[in-house]
Amino acid sequence: MYDNLGKIGAKPKEGLEWTLLSGFLIEIPSDKGSTLEVVSLATGTKCIGKNSMSSLGNVVNDSHAEVLARRAFLRYVYSEIKRAHNNESSVLFSGYDGKRKCCLRKDVKFHMFTSHVPCGDASIIPIVGTKRKYEAESIEDVHRTGAKCLPGDARQDLKISGHNYHVVSSVRTKPGRGDPTLSVSCSDKIAKWLYVGIQGALLSLLINGPLLISTITIGGGGQYDSGVLHRALIERSRLSDTCSVIPKIYRSKLVFCHSRYSVTSASKPCTSSIIWYKGLSGKRQFEVAVEGKKQGCTKTGPSKNNLSVTKKEFLKVFLEFSNFNGDPGYRQAKDLATEYQAKVKYFKDTLGSWPVKDPKLECFFST
Ligand SMILES: [Zn+2]
């Protein structure tokens, strides 16, 4: 799929830059077994600092590939809702419960691919020497992550040499220098999606039940530790106690062609992102983003220049399918999802900490 996009400027410069790639796939049962299809794809390595965040909902704060691919996946789900209303979707069907909620068709499954181990807790991987791996006392050191524990969290990295440099299982912000970010690491976000579903608050008002991920596949190259991944994505939220679907985690042997493991060590992260989802309309079949905005657009540009995966565009497409009269505003619309929000709160309480967003950043309307 990535290769099908051809040679485009938003891909890393050959041999000089690298990027991260993530995507979501859908598995639909068929007579011959089941079909697997990529429905969203994104690349990206960057995250904006808190001073660049917009209170208009038109800038994407977090452009790590996993996060963009999940947002693109949400757009794909909206396009399936539209198809379901015309009885044309093999994924969803219109609900009969009078609430106009759609339901997932039987045995439809969702899968996630990512070219690398997610940033944050899953990246604190023991450096294995000659001793055995899983005996705590035998771990001499761990790989470092630039993702920091939340300010104010009682658990902070000790930063002493050896394997106690980091504390584990903590919620962390995205790694990066300069203006600090409020976005949490991909390990934390994926743990949340596994726990509450990938649909988010707004779609939870339009679809019955959570959309749960059945498998996660990590691309080849670089460090990998299945025990650490389980801790970061599954165990620390006590997912097994509450969730009906415990995802299986796999590792691919294939190394992504533009990953940091397939180019020279001198290369830099690519600053632009590619966003694609099935059903994306418009002239180009994908969007290119730089610093959370559509490439070439100013911050105050007209809304048609917004990326399709901004909060503002999500509010618009949500209002198209919901039976609201008027626009309640983004934050207010999200707060209507009481069942979903209760589950999110339970998840955050289990992890022990989570950054609190400034409510002013979500007080915008669709127009
Ligand atoms: Zn990340």
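As a reminder, the structure under discussion sits directly above these lines.
Residues numbered from 1 in each chain as written. Predicted model: local features only at pLDDT ≥ 70, side-chain atom pairs only at ≥ 80, totals over all residues. Heavy atoms only, no water.

A. Just the overall build of the protein chain, in detail. When helices and strands are counted, the protein chain shows 8 helices and 16 strands. C-alpha atoms of the protein chain, sized along the principal axes, occupy 60 × 50 × 45 Å. In the protein chain, once contacts between residues fewer than 6 apart in sequence are set aside, the share between residues at least 24 apart is 66%. About 17,900 Å² of surface is accessible on the protein chain, with carbon and sulfur atoms providing 52% of the total. Placing the 54 positive and 34 negative side-chain charges of the protein chain at their respective mean positions leaves the two points 4 Å apart. (Helix = DSSP H or I, 4+ residues; strand = E, 2+ residues; numbered from the N terminus. Contact = heavy atoms within 4.5 Å. Areas by Shrake-Rupley, 256 points an atom, 1.4 Å probe, with all protein chains shown as cover. Lys, Arg positive; Asp, Glu negative; His and termini not counted. Charge placed at Lys NZ, Arg CZ, Asp CG, Glu CD.)

B. Summary view of the sheet that holds strand β14 (residues 272-277). Judged by pairing direction, the sheet is mixed, and its 8 strands sit side by side in the order β12-β11-β8-β2-β3-β14-β15-β16 without closing on themselves. The outermost strands of the open sheet, each flanked by one partner alone, are β12 (248-251) and β16 (293-294). Where strand β8 (residues 109-114) lies against strand β11 (residues 213-218), 5 bridges are found, and the strand directions are parallel. By the bridge assignment, methionine 112 is partnered in β11 with isoleucine 216. (Pairing = 2+ DSSP bridges.)

C. Expanded view of the coordination of the zinc ion. Within the first shell, the zinc ion binds the protein through His64 (ND1), Cys119 (SG) and Cys186 (SG), at distances of 2.1 to 2.3 Å. The sequence pattern formed by the donor residues of the zinc ion is H-x54-C-x66-C. One end of the pair, histidine 64, is in strand β5 (residues 62-64); the other, cysteine 186, is in helix α2 (residues 186-196), and 122 residues separate them in sequence. On the basis of relative accessibility, which here comes to 6%, the residue histidine 64 falls in the buried class. (Donors = N, O, S within 2.8 Å, 3.2 Å for Na, K, Ca; no water. Buried < 20%, exposed > 50% of the residue type's maximum accessible area, 1.4 Å probe, protein only.)

D. Examining the layout of surface pockets more closely. Here the largest pocket is characterised by a volume of approximately 1,300 Å³. As for the largest pocket, its lining consists of 39 residues, and the residues nearest its centre are His64, Gly146, Lys174, Pro175 and Gly176. For the lining of the largest pocket, a count of residues per class yields 17 nonpolar, 13 polar and 9 charged. By volume, the second largest pocket amounts to about 1,100 Å³. Lining the second largest pocket are 39 residues; nearest its centre among them are Lys192, Lys334, Lys348, Lys357 and Glu362. Sorting the residues of the lining of the second largest pocket by element identifies α1 (65-85), α2, α3 (200-204), α6 (311-321), α7 (330-335) and α8 (338-351) as the ones contributing at least two each. (1 Å grid on protein atoms, 1.4 Å probe; cavity = no way out; pocket = protein on both sides within 12 Å on 5 of 7 lines; lining within 4 Å. Points joined across faces, edges and corners; volume = space filled by probe spheres on them. Nonpolar A, V, L, I, M, F, W, Y, C, P; charged D, E, K, R; others polar.)

E. Geometry of the packing of aromatic side chains. By the definition in use, this model includes 10 aromatic pairs. Among the aromatic residues, those joined into a ring-pair cluster are Phe24, Phe73, Tyr76, Phe110 and Trp193. When the ring centre of tyrosine 2 is taken as origin, the NZ or CZ atom of lysine 11, which lies over that ring, is 4.1 Å away. (Phe/Tyr/Trp six-rings, centres within 6.5 Å; stacked < 30°, edge-to-face > 60°. Lys NZ or Arg CZ within 6 Å of the ring centre and 35° of its normal.)

F. Quick look at the environment of threonine 350. Locating threonine 350 in the fold gives a position in helix α8. Using a relative accessible area of 18% as the deciding quantity, one classes threonine 350 as buried. As a C-alpha pair, threonine 350 and proline 12 span 338 residues in sequence and 38 Å in three-dimensional space. A distance of 2.8 Å separates the side chain of threonine 350 from the backbone oxygen of tyrosine 346, its partner in a polar contact. (Polar contact = N/O pair within 3.5 Å; in protein donor to acceptor, adjacent residues only side chain to side chain.)

G. Examining α2 more closely. Among the 11 residues of α2, 11 are classified as buried, and the element is accordingly described as predominantly covered. The complete set of buried residues in α2 reads Cys186, Ser187, Asp188, Lys189, Ile190, Ala191, Lys192, Trp193, Leu194, Tyr195 and Val196. Phi turns positive one or two residues past the end of α2, at glycine 197, with a value near 100 degrees.

H. Here's a closer look at the side chain of lysine 101. Turning to its location among the elements, lysine 101 is positioned in the loop between β6 (92-94) and β7 (102-104). Although lysine 101 lies buried, it forms no salt bridge, and the closest oppositely charged side chain, glutamate 339, sits 5.6 Å away as judged by the N-O distance. A polar side-chain atom of lysine 101 sits 3.2 Å from the main-chain carbonyl oxygen of serine 204. In this structure, lysine 101 is in contact with Ser94, Gly95, Ser204, Leu205, Leu206, Ile207 and Asn208, ignoring residues within four places of it in sequence. (Salt bridge = Lys/Arg side-chain N within 4 Å of Asp/Glu carboxyl O.)

I. Just unusual backbone geometry, in detail. Notably, asparagine 87 is not glycine yet its phi reads approximately 55 degrees, a positive angle. Among the structural elements, asparagine 87 can be located in the loop between α1 and β6. Accessibility expressed as a relative area gives 62% for asparagine 87, which makes it exposed. For aspartate 107, which is not glycine, the phi dihedral falls at a positive 65 degrees. By secondary structure assignment, the location of aspartate 107 is in the loop between β7 and β8. Assessed through its relative accessible area of 49%, aspartate 107 is described here as partly exposed.

J. Focus on the side chain of aspartate 188. The residue aspartate 188 is located in helix α2 in this model. Assessed through its relative accessible area of 0%, aspartate 188 is described here as buried.

K. Highlighting the pairing of β14. By the criterion of burial, β14 is predominantly enclosed, with 6 of the 6 residues buried. Neither face of β14 is exposed, since Ser272, Ile274 and Trp276 on one face and Ser273, Ile275 and Tyr277 on the opposite face are all buried. When strand β3 (residues 33-43) meets β14, the two strands line up antiparallel, connected through 3 bridges. Residue alanine 42 lies in a different strand from β14, and its bridge partner there is isoleucine 275.

Taken by themselves, the reported measurements are silent on function.
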